[in-house]
Structures are given as structure tokens and as C-alpha cells.
Amino acid sequence: MRYSRTRHAGDGELYLASTAVFMMEVMKFCLCLGVVFYQGNCSVIALRSELYKHVWASPYDLIKLCVPSFLYTIQNNLLYLALTNLDAASYQVLYQLKILTTAIFSATMLGRRFSATKWASLVVLTCGVAIVEISGSDNDTSENKDQNRFVGLVAVLSAACTSGFSGVYFEKILKGSEVTLWIRNIQMGLFSIAIALVTAMVQDSAKISQKGFFVGYSPIVLTVITVQAVGGLIVAVVVKYADNVLKVFASSFSILLSCLISALAFDFRPNRSFLVGASLVLLSTVMYFKPSKRPPRDVLPVVQHGTRKSSLVL
């Protein structure tokens, strides 16, 4: 994504982030429709029945999903704005503040309790992010003269807040519901597509009417849109079918990979402060998702049956 925002198409035009968000929502919606169609044994009648049951006949569910739909659309626009004004490595590390916002919203909205280790990890995370932000002030190169680091910082922090709230809100909706994730994404997609289209028209109507909806598009841009769409669905699948151990490995690996690619593809050279801050972020991620120790199992006293001895373990 960072590469697509700094390497323009052949005509020198930068693509519009608002149109990219719209195309990503359309692609996610189509992918979810394809999954529901496949789950219905590739029957058009079954697909139509599912859509009627969960869309047309469930207006209350659609109203509840307006909030995450709006926030996810705003979040995606903020991420493009952040990457336009920040280097990829700083963006990836700063965006890990979504762990902090998710924990806060989980505690306030879902009533979850966190251990002392988890809260300590959030403090370590905050310190790591602060060190990364301080270290980034001397990383600007000639390529980044048009970038505003403060705007990028505000954008990525806002995206972290919307990510935490919308994720917890969506989780709260899913609790006790038998509706599949694919149907939920279709329900949200209806609003997300409409909101993304309105955002593009309001924000970039002049550029769209003058240069076209797909100005600046290239194979790189299409790849970014596809990766964003598929990645959003993969996250939902991982949360549903995997565990937090795999999630923390993926999160930590993504930070390291972003730093490596940023160093190879751009002029970014991490200094000592950045490495310390990134290490603290990785450490906090491991601490936060470390499984809590289970209490020792109770063992009942030995019971004698004739000459045999046995113990019961609860």
C-alpha cells in the first residue's frame, strides 16, 4: 500500500484513495456473495433465499450494522491518508495501538477483565510507540518533502481508535448469533459500499469528473485493493477458527516484514531508537496475547478398592 501511494502510475497521476476504498468494499462484497453461493451448493435459489432472509427480512440487523460499516469505511480512508504521510515501518508500528484501544473498548463495552500482565503490556506498547514516533523525525528524505508526519500520526491514531471500537462492536453483535460471518459481511457491505461511494463523490467529485474514477490505477494499485479486500476477510476467518497464538505470530511477523520491505524498497533506514521502540511493541504484543496459566487441577484423595488404589482428577 505504501509503495502504491508513492510510486505514481505511468501518467504521473496518483490514484484516489476514496475510489480505492470503494473498489475494496465492492470486492469484499462480491467475495462474500461467492462464498455464500458456494455454501448453498452453487444454487441461485439458495443464495436468493439467504439474502432475502438476512437482508430484506432483517431490517433491525441491518440498522445495527450501520455503525461498524461507517467506521470501517472511515478507517480505511484514514489508513490511506496515514500511509501517504508516514513511512511503512512507522505506520505499521504505530497502528499496533489498536491493541490498546481494543482492550479499553473490550473492558468498557463487554465487561472483560484483564490480568496485570496484559495491562503491563499496554504500558510497554505505549512506550514503544512513543519511541518510534520520536525516532521518525529524522527519517525524512527528499522523497518525503510533501509529506506531513503530524497528519499521518493523527490519521493512524484515529484509525486505531475506530478499529478498536468497530471491532468490539461487531464482536458484540456476533455474540449469541447464528448468522455466519459471510452473511454479516454482506450486511455490512451494503452500507459500506454506499458510504464509500458517497465519500468518494463528496471528497473527490471534482477530480473524478475531471480525470475519471480510475485515474492513476495500475497493476500495483489493483494488487493493493485485492490484498486489502482478501486480508480483511482472512482476519475474520482467523479470529473465528484460529487462536490468539497464531494471531500474535502474524502480528509480530508483519511488523518485521514491513521494516524489511521498507528498508529495501524505500530510503528508510531504522535508527537505534526505532529498533528499540519496535522491539518494545513486539514484546508488548507477546505479553498481551500470552495465555494465562491455568490453576492446578484438584486431585481427590486416594480411594482404595480392595487391593487397587486409584485417584480421581477433576
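What you see is a predicted model; the values in this text were computed from it and never measured. (Residues numbered from 1 in each chain as written. Predicted model: local features only at pLDDT ≥ 70, side-chain atom pairs only at ≥ 80, totals over all residues. Heavy atoms only, no water.)

(A) The arrangement of the overall build of the protein chain in detail. Scanning the protein chain from terminus to terminus reveals 13 helices and 2 strands. For the protein chain, the proportion of its 314 residues judged to be buried stands at 42%. Taking the intrachain contacts of the protein chain between residues at least 6 apart in sequence as the baseline, contacts between residues at least 24 apart amount to 81%. Surface accessibility of the protein chain: about 17600 Å² in total, with carbon and sulfur atoms responsible for 65%. (Helix = DSSP H or I, 4+ residues; strand = E, 2+ residues; numbered from the N terminus. Buried < 20%, exposed > 50% of the residue type's maximum accessible area, 1.4 Å probe, protein only. Contact = heavy atoms within 4.5 Å. Areas by Shrake-Rupley, 256 points an atom, 1.4 Å probe, with all protein chains shown as cover.)

(B) Structural detail: the packing of helix 5 (residues 66-85) against helix 10 (residues 181-211). Running from N to C, helix 5 and helix 10 cross one another at 45°; their axes reach a closest spacing of 8 Å. By the angle class used here, helix 5 and helix 10 are oblique. Judged by the sense of rotation from one axis to the other, the crossing of helix 5 with helix 10 is right-handed. Facing helix 5, whose interface residues are Cys 66, Pro 68, Ser 69, Phe 70, Tyr 72, Thr 73 and Asn 77, helix 10 presents Met 188, Phe 191, Ser 192, Ile 195, Ala 196, Thr 199 and Gln 203. (Axes fitted to C-alpha atoms, helices over the stretch in contact; angles between N-to-C directions. Parallel < 35°, antiparallel > 145°, perpendicular 65-115°, else oblique. Left-handed = near helix turned anticlockwise from the far one by under 90°.)

(C) Representation of the pattern of salt bridges in the model. Tallied over the entire structure, the rule returns 2 salt bridges. One salt bridge connects Asp 61 with Lys 64, and the closest N-O pair in it is separated by 3.7 Å. Of this pair, Asp 61 and Lys 64 both sit in helix 4 (residues 59-64), 3 residues apart, roughly one helical turn. On the basis of relative accessible area, Lys 64 is assigned to the partly exposed category, the value being 24%. (Salt bridge = Lys/Arg side-chain N within 4 Å of Asp/Glu carboxyl O.)

(D) Molecular detail of the side chain of Glu 25. Here Glu 25 shows up in helix 2 (residues 17-39). Buried and unpaired, Glu 25 has Lys 28 as its nearest opposite-charge partner, separated by 4.2 Å. Setting aside anything within four residues of it in sequence, one finds Glu 25 in contact with Thr 73, Asn 76, Ser 192, Ile 193 and Ala 196. (Lys, Arg positive; Asp, Glu negative; His and termini not counted.)

(E) Up close: the confidence of the model for the protein chain. For the protein chain, mean pLDDT is 77; residues scoring 70 or higher make up 77% of the total. Across the protein chain, the element-wise mean pLDDT spans from 48 in strand 2 (residues 308-310) up to 92 in helix 2. In the model, residues 309-314 has pLDDT below 50 throughout and makes 16 contacts with residues more than four positions away in sequence or in other chains. (pLDDT = per-residue confidence, 0-100.)

(F) Structural detail: helix 10. Under the 1.5 Å per step criterion, the end-to-end length of helix 10 is only 37 Å for 31 residues, more than 12% shorter than the ideal 45 Å. At Asp 204, helix 10 shows its largest bend, some 90°. Phi turns positive one or two residues past the end of helix 10, at Gly 212, with a value near 105°. (Expected span 1.5 Å × (residues − 1). Bend = angle between axes of the 7 residues up to and from the residue.)

(G) Structural detail: the packing of aromatic side chains. Going through the model one piece at a time under the given rule, you end up with 8 aromatic pairs. Between Tyr 15 and Tyr 80 the ring centres are 6.3 Å apart and the planes differ by 85°, which places this aromatic pair in the edge-to-face class. Of this pair, Tyr 15 sits in the loop between helix 1 (2-6) and helix 2 while Tyr 80 sits in helix 5, and the two are 65 residues apart along the sequence. Neither Tyr 15 nor Tyr 80 differs from the other in exposure class; each is buried. Look at Phe 22 and Phe 213: their rings are 5.7 Å apart centre to centre, the planes differ by 80°, and that puts the pair in the edge-to-face class. Here the residue Phe 22 occupies a position in helix 2, and Phe 213 occupies one in the loop between helix 10 and helix 11 (219-241), the gap between them amounting to 191 residues. Of the two residues examined, Phe 22 and Phe 213, each falls in the buried class. Connected via pairs of aromatic rings, a cluster forms that spans Tyr 15, Phe 22, Tyr 80, Phe 213, Phe 214 and Tyr 217. (Phe/Tyr/Trp six-rings, centres within 6.5 Å; stacked < 30°, edge-to-face > 60°.)

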